[in-house]
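# Reading the structure
Each chain is listed here by its residues.
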Amino acid sequence: MTDALITTLGSAFLIGFLGSTHCLGMCGGIASSLSLALPVGPGFRRRQISLLAGYNLGRILSYSLIGLIAGLPGALLTEGVPGAGMALRSLAGIVLILLGLAVGQWWQGIMSLERIGAPLWQRLAPLTQRFMPVDRLSRALPLGLLWGWLPCGLVYSTLAWALTQGDALLSALLMFAFGLGTVPAMVATGLLANRITRLRQSTAFRRVTGLALVVFGLWTIPWIRHLILPH
């Protein structure tokens, strides 16, 4: 795995991790309902963890599939249009800068992308009722698969970045890493969860990470990198 790939996937994970407060607002109700559907008794914790794991696995698989679909046009452009790769890298840098501004809580304008997916979600939302109450794994997993399509500015803005990768598999991996970053906020319990929550909500940590994403975005834009490292 190259350093550039590690940096890209690591950045996607951090976007999911730091943006998961937004995710809790969108998906936290479903995560909570997984516990409410179970009777308290022997094996409660094990069943709770199983349902949470199934739901989040479905959600992350949906993100990966969306990333793969979004990455296909970029891959076709890169292969068939001269100069498309450089244009996509420039666009990726711009999107990453905007994501950095959102993570650092300086500007949230990119979150307005949520409106794009509203028509599709209106068709999918009724299907989620078929898997209620979420009292077994066979319902949690498909519910997660559907819920991954819920309109979310954080998901869509990360998806816009994934679209510019010029490689459908890389786009899918990027969205998978993003999905993994959102998991701690969904399943966190106990002392470790409290530490994760404090870290995620730390203004200083968010701003340092947001600044790092902005710098990485600037570095991604070819002509800026050439100015810094002229040949």
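Conventions adopted
- In this convention, every chain numbers its residues from 1, walking through the sequence in written order.
- Restriction of local features to residues with pLDDT of at least 70 applies here, the model being predicted, together with a cutoff of 80 or more for giving and counting side-chain atom pairs; totals for whole chains, interfaces and linings are based on all residues.
- Hydrogens and waters are ignored; side-chain quantities use all the structure's heavy atoms.
- To qualify as a helix, a DSSP run of H or I must reach at least 4 residues; to qualify as a strand, a run of E must reach at least 2; elements of each kind are numbered from the N terminus.
- Three exposure classes are used, based on accessible area relative to the maximum for each residue type with a 1.4 Å probe and protein chains only: buried under 20%, partly exposed in between, and exposed over 50%.
- Between two residues, a contact is recorded if the distance between any of their heavy atoms is within 4.5 Å.
- The convention used is that axes are lines fitted to C-alpha atoms, helices contributing only their stretch in contact, and that angles between N-to-C directions extend from 0 to 180 degrees.
- We call two directions roughly parallel when the angle between them is under 35 degrees, roughly antiparallel when it is over 145, roughly perpendicular when it lies between 65 and 115, and oblique otherwise.
- With the far helix as reference, a near helix turned anticlockwise by less than a right angle produces a left-handed crossing, and one turned clockwise produces a right-handed crossing.
- Polar here means any residue outside two lists: the nonpolar Ala, Val, Leu, Ile, Met, Phe, Trp, Tyr, Cys and Pro, and the charged Asp, Glu, Lys and Arg; Gly therefore counts as polar.
- The predictor rates its confidence in each residue with pLDDT, a number between 0 and 100.
- As defined here, a cavity is a set of points on a 1 Å grid over the protein atoms alone where a 1.4 Å probe fits but cannot get out. A pocket is an open set with protein on both sides within 12 Å along at least five of seven lines, and residues line them when an atom is within 4 Å of a point.
- Grid points are joined across faces, edges and corners, and a volume is the space filled by probe spheres set on the points.
- Polar contacts here mean pairs of N or O atoms no more than 3.5 Å apart (in protein, one a potential hydrogen donor and the other a potential acceptor; neighbouring residues in sequence count only if both atoms are side-chain atoms).
- Helix span is expected to be 1.5 Å times the residue number reduced by one.
- Note that the arc is defined by the directions from the helix axis to the C-beta atoms.

## Section: the overall build of the chain
- Check the secondary structure of the chain and you find 11 helices and 0 strands.
- Ordered by position in the sequence, the α and β elements of the chain form the string α-α-α-α-α-α-α-α-α-α-α.
- Burial analysis of the chain (231 residues in total) assigns 47% to the buried set.
- In the chain, the proportion of contacts linking residues at least 24 apart, taken out of those at least 6 apart, comes to 78%.

## Examining the packing of helix α1 (residues 3-18) against helix α8 (residues 168-187)
- Two elements in contact, α1 and α8, have axes separated by 6 Å at closest approach and are oriented at 40°. As the angle between them shows, α1 and α8 are arranged oblique. Every pair of crossing elements has a handedness; the one defined by α1 and α8 is right-handed. Across from L5, T8, L9, A12, F13, I15, G16 and F17 in α1, the residues of α8 making contact are L170, L173, L174, A177, F178, L180, G181, T182 and P184.
- Class assignment of the residues belonging to the contact of α1 with α8 gives a composition of 13 nonpolar, 4 polar and no charged.

## Regarding the confidence of the model for the chain
- Summarising the model, the chain shows a mean pLDDT of 80, and 80% of its residues fall at 70 or more.
- The low-confidence segment residues 189-194 (pLDDT under 50) makes 2 contacts with residues lying over four places distant or belonging to another chain.

## Digging into the layout of surface pockets
- As a volume, the largest pocket reaches approximately 410 Å³.
- Only α1, α4 (84-103) and α10 (203-220) provide two or more residues apiece to the lining of the largest pocket.
- It is α4 that provides the largest number of residues to the lining of the largest pocket, a total of 5 residues.
- Looking at the lining of the largest pocket residue by residue, the class counts come to 9 nonpolar, 7 polar and 2 charged.

## Description of the side chain of S171
- Structurally, S171 can be placed in helix α8.
- The residues contacting S171, other than those within four sequence positions of it, are G67, G71, A162, L163 and Q165.

## Points about the side chain of T164
- Considering the arrangement of structural elements, one finds T164 in the loop between α7 (153-163) and α8.
- Within polar-contact distance, the side chain of T164 engages the backbone oxygen of W161 at 2.7 Å.

## Overview of α10
- An ideal rise of 1.5 Å per residue puts 26 Å on 18 residues; α10 measures up with 25 Å between its terminal C-alpha atoms.
- Within α10, burial applies to R206, T209, G210, L213, V214, F216, G217 and T220. Within α10, the buried residues cover an arc of 165° as seen down the axis, which keeps them to one side. Projecting away from the buried face of α10 at angles above 90 degrees are the exposed residues A204 and V208.

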